[in-house]
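Observations on chain architecture
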Amino acid sequence: MTLASQLAAGVQALGLESVVSDEMQAKCLAYIALLQKWNKVYNLTAVRDPQEMLSLHILDSLSVLPHIQSGRLLDVGSGGGLPGLIIAITRPDVQVTTIDTVQKKAIFMRQVKAELGLSNVEVVHGRVEAYQPPSPFDQVISRAFSDIALFRRLTMHLIVAHGRWLAMKGVVPDEELQLASVIPSEIIRLQVPNLQAERHLIVFENS
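First, a word on scope: everything that follows refers to the structure included in this document. Each chain carries its own residue numbering, running from 1 in the direction its sequence is written. Given that this is a predicted model, residues contribute local features only at a pLDDT of at least 70 and side-chain atom pairs are listed and counted only at 80 or more, while totals for whole chains, interfaces and linings are drawn from all residues. Each side-chain value is derived from all of the structure's non-hydrogen atoms; neither hydrogens nor water enter the calculation.

A few words on the nonpolar core. In this text, buried Ala, Val, Leu, Ile, Met, Phe, Trp, Tyr and Cys residues form a nonpolar core when linked through side-chain atoms within 4.5 Å. Only protein chains enter the area calculation, which uses a 1.4 Å probe; residues under 20% of their type maximum are buried, those over 50% are exposed, and those in between are partly exposed. Core analysis: the biggest nonpolar cluster contains 48 residues, and Tyr-31, Ile-58, Leu-62, Ile-87 and Phe-108 have the highest contact counts within it. Numbering of helices and strands runs from the N terminus, with a helix taken as a DSSP run of H or I at least four residues long and a strand as a DSSP run of E at least two residues long. For this core, the leading source of residues is helix α2 (residues 22-42), giving seven residues.

Packed helix pairs are specified by the crossing angle of their axes together with the interaxial distance, meaning the distance between the axes. Only C-alpha atoms enter the line fits that serve as axes; for helices the fit covers just the stretch in contact. Angles between N-to-C directions range over 0 to 180 degrees. At their nearest, the axes of α2 and helix α5 (residues 103-116) sit 11 Å apart, and the two run at 145 degrees to each other. When the axes of α2 and α5 are compared, the crossing they make is right-handed. Contact with α2, carried on its side by Lys-27, Ala-30, Tyr-31, Leu-34, Leu-35, Trp-38 and Tyr-42, involves Lys-104, Ile-107, Phe-108, Gln-111, Val-112, Glu-115 and Leu-116 of α5 and no other residues of that element. Whether a crossing is left-handed or right-handed is set by the direction in which the near helix is turned from the far one by less than a right angle, anticlockwise for left-handed and clockwise for right-handed. Two residues form a contact once any of their heavy atoms are found within 4.5 Å.

This part takes up the packing of α2 against helix α3 (residues 50-62). Remark: α2 packs on α3, axes separated minimally by 11 Å, with the N-to-C direction vectors making an angle of 115 degrees. Read as a crossing pair, α2 and α3 show a hand that is right-handed. Residues Cys-28, Tyr-31, Ile-32, Leu-35, Gln-36 and Asn-39 of α2 touch α3, and the partners they reach there are Pro-50, Met-53, Leu-54, His-57 and Ile-58. Three classes are used: nonpolar for Ala, Val, Leu, Ile, Met, Phe, Trp, Tyr, Cys and Pro, charged for Asp, Glu, Lys and Arg, and polar for all others, with Gly counted as polar. For the contact of α2 with α3, the per-class residue count stands at eight nonpolar, three polar and no charged.

Structure (structure tokens):
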């Protein structure tokens, strides 16, 4: 089974075939090719196998699409651009900013932006707590960036009133939620095709 057919099957399993077009799927595959190429030199991800990249990175990122609203989104600690660049590819109605402290990761994300023609992406190299954008974001997302309390504290100045934090997690992080002393507005179980591990999206409103 080719990578393209595996991606198409994954998109269908997620119920996203009307959202993620063939052209968008081709860009997701081009992203994997770039990640593989750059990984040999820059060590951007511990995942080496393209099939694992597809399930652990691409389909995992696509699983949050139904919960992303249009507007401006910040992806904190984006690393190689996950989930931010995949959201940008598949949701042209979302203006995505990715931020990471590691320069080689920011350089890679800028290369992806250029090669895939992602006009709705801005890449920032720097620390999120020091970042001062011209205007705040409607949504702030992270995937394995930090615990929830720290994630919210470092990005409090970056989110609009009534904006939303979206924390991508594995099992429900009960201890993190207790330490954050804030009640999530939603805890959404994500079903990621070809991934046996539990995945959840923890949503907080900036009330």
